[in-house]
Amino acid sequence: MSPIKTMFKKITILSASCFMLLAFSSKAQEIHRFNPDTLITIRIDSAVNIKSHRLNAQDFIDAVVADTSFYQAFRNMKRFGFTAENRIYTYDKKNKVDGKIYRKLVHSNVNGKHKMEYVAKRDSGNVYKKDGKYQLYTVEMFDYIFENAYNSDFTKGDGIPIAGGKNESYKDKLKTLIFQPGRKVTGIPFISGKTEIFSKDMREYYYYEFARGTYLDSIPVYRFKVIRKPSTSDGDTMIKELTTIFDMRTFKILGRYVDMKYSNLLFSFDIQMNIELNRFDGVLMPTKVSYQGNWDIPFHKTERASFLILHKDYKVN
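Every value quoted in this text rests on a predicted model; they were computed, and no experiment measured them.

(A) Main features of unusual backbone geometry. One non-glycine residue, aspartate 217, lies in positive phi territory at about 70 degrees. Summarising the element assignment, aspartate 217 is placed in the loop between strand S5 (206–215) and strand S6 (219–228). Positive phi is not limited to glycine here, since aspartate 313 has a value of about 55 degrees. One can find aspartate 313 in strand S11 (residues 303–315).

As structure tokens, then:
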């Protein structure tokens, strides 16, 4: 079973910041919105009392904040051959599909040389601008975060980007938000501190829950959920839920689901994202990424998109 269930000084900062945060957000045939599986569907054994394991919420918080293996799993892809299927959908204001992108590709790595071959490539509807660029920033950022993971750009360097660096790009901020949630991501007006959900100021807005369960029918796991309290005002938080799945045997992260929603007079967004990993030859690798969301900022069309990314057939070339 599948487990797992972000303003330029004035308007320019607004656009870039929101674009970074929300990226992870045909009139033909009256087709309505495709919603990928972004919900946690892990089988929970029971609302287990984990005191017998001497674990508490702080143990899980410390592990989430300190973890680098989740990010490393994406960097591991350069070492393997694999097949990827990517489906992207964009929508009009009535939530009808107005653009589709499908890619199936085979990635190989022979003697350290990367090769990416498209075996299927189909686009339809309202996908590109006249200059050939994508209509939506969401799709551009999809390309950066995931398409580049198959090459060298994503995998450059030894560690995860550090949030808050003076010269940190918006792309690095996005990577920090996805791969190290709970850290403060500076430079995003009205939102930066709200990403630091384990800080003393933010903890009052959340409940923490943990339980035992089973992932992919056989892997024993812990599920750690950070859930916004129902009494919390929408303006006080950005992250509604952060669920993390830990391998019970190694305490490595196998999956992550994040639900983010925020709105003010200048911009709004509502997105859900799910990322799942599994082991191949003992190495953690990404197997599924799904996203759905809407976001809206001044002087840009409202962006509505969803995507589903599947990786399979990992092998060492």
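(B) Quick look at the side chain of aspartate 247. Within the secondary structure, aspartate 247 sits in strand S7 (residues 239–247). Apart from the residues lying within four places of it in its own chain, the contact partners of aspartate 247 are Ile219, Pro220, Val221, Lys252, Leu254 and Arg279.

(C) Expanded view of the pattern of salt bridges. Counted by the stated rule, this structure contains seven salt bridges. With a shortest N-O distance of 2.9 Å, arginine 249 and aspartate 247 are connected by a salt bridge. Given the relative accessible area of 57%, arginine 249 is considered exposed. For aspartate 247, a relative accessible area of 1% puts it in the buried group. Here glutamate 276 ties to lysine 288 by a salt bridge, and the two come within 3.7 Å at their closest N and O atoms. Taken together, the residues span a long stretch of sequence, with glutamate 276 in strand S9 (residues 268–280) and lysine 288 in strand S10 (residues 283–296) at a distance of twelve residues. Classification of glutamate 276 as buried rests on a relative accessible area of 4%.

(D) Structural view of helix H2 (residues 57–66). Taken together, the buried positions of H2 are occupied by Ala57, Phe60, Ile61, Ala63 and Val64. Considered in projection along H2, the buried side chains sweep an arc of 165 degrees and stay on one side of the axis. Packing partners of the buried residues in H2 comprise S5, S6, S7 and strand S8 (253–263). The residue sitting at the N-terminus of H2 and contributing the capping side-chain oxygen is asparagine 56; that oxygen lies 3.0 Å from the backbone nitrogen of glutamine 58.

(E) Representation of the environment of phenylalanine 60. Mapping phenylalanine 60 onto the fold places it in helix H2. Not counting residues up to four positions away in its chain, the partners in contact with phenylalanine 60 are Leu55, Phe210, Tyr222, Phe224, Phe246 and Phe251.

(F) Broad picture of the confidence of the model for the protein chain. For the protein chain, the mean per-residue pLDDT works out to 76, and 71% of the residues sit at or above 70. Contacts from residues 152–168, a stretch scored under 50 in pLDDT, to residues over four places away or in other chains number 34 contacts.

Basis of the calculations
- Counting restarts for each chain: residues are numbered from 1 in the order of the written sequence.
- The predicted nature of this model means local features are confined to residues of pLDDT at least 70 and side-chain atom pairs, given and counted, to a pLDDT of 80 or more, with totals for whole chains, interfaces and linings taken over all residues.
- Hydrogens and water are ignored here; the side-chain numbers use all heavy atoms of the structure.
- In this description a helix means any DSSP run of H or I spanning at least four residues, a strand means any run of E spanning at least two, and both kinds are numbered starting from the N terminus.
- Contacts are assigned to residue pairs that have any heavy atoms within 4.5 Å of one another.
- By definition, a salt bridge exists where a carboxyl oxygen of Asp or Glu is found within 4 Å of a side-chain nitrogen of Lys or Arg.
- Three exposure classes are used, based on accessible area relative to the maximum for each residue type with a 1.4 Å probe and protein chains only: buried under 20%, partly exposed in between, and exposed over 50%.
- By construction, the arc corresponds to the directions joining the helix axis to the C-beta atoms.
- Pairs of N or O atoms are called polar contacts if they sit within 3.5 Å, as long as, within protein, a hydrogen donor faces a hydrogen acceptor (for residues adjacent in sequence, only side-chain-to-side-chain pairs).
- The quantity called pLDDT is the predictor's confidence in a given residue, expressed from 0 to 100.

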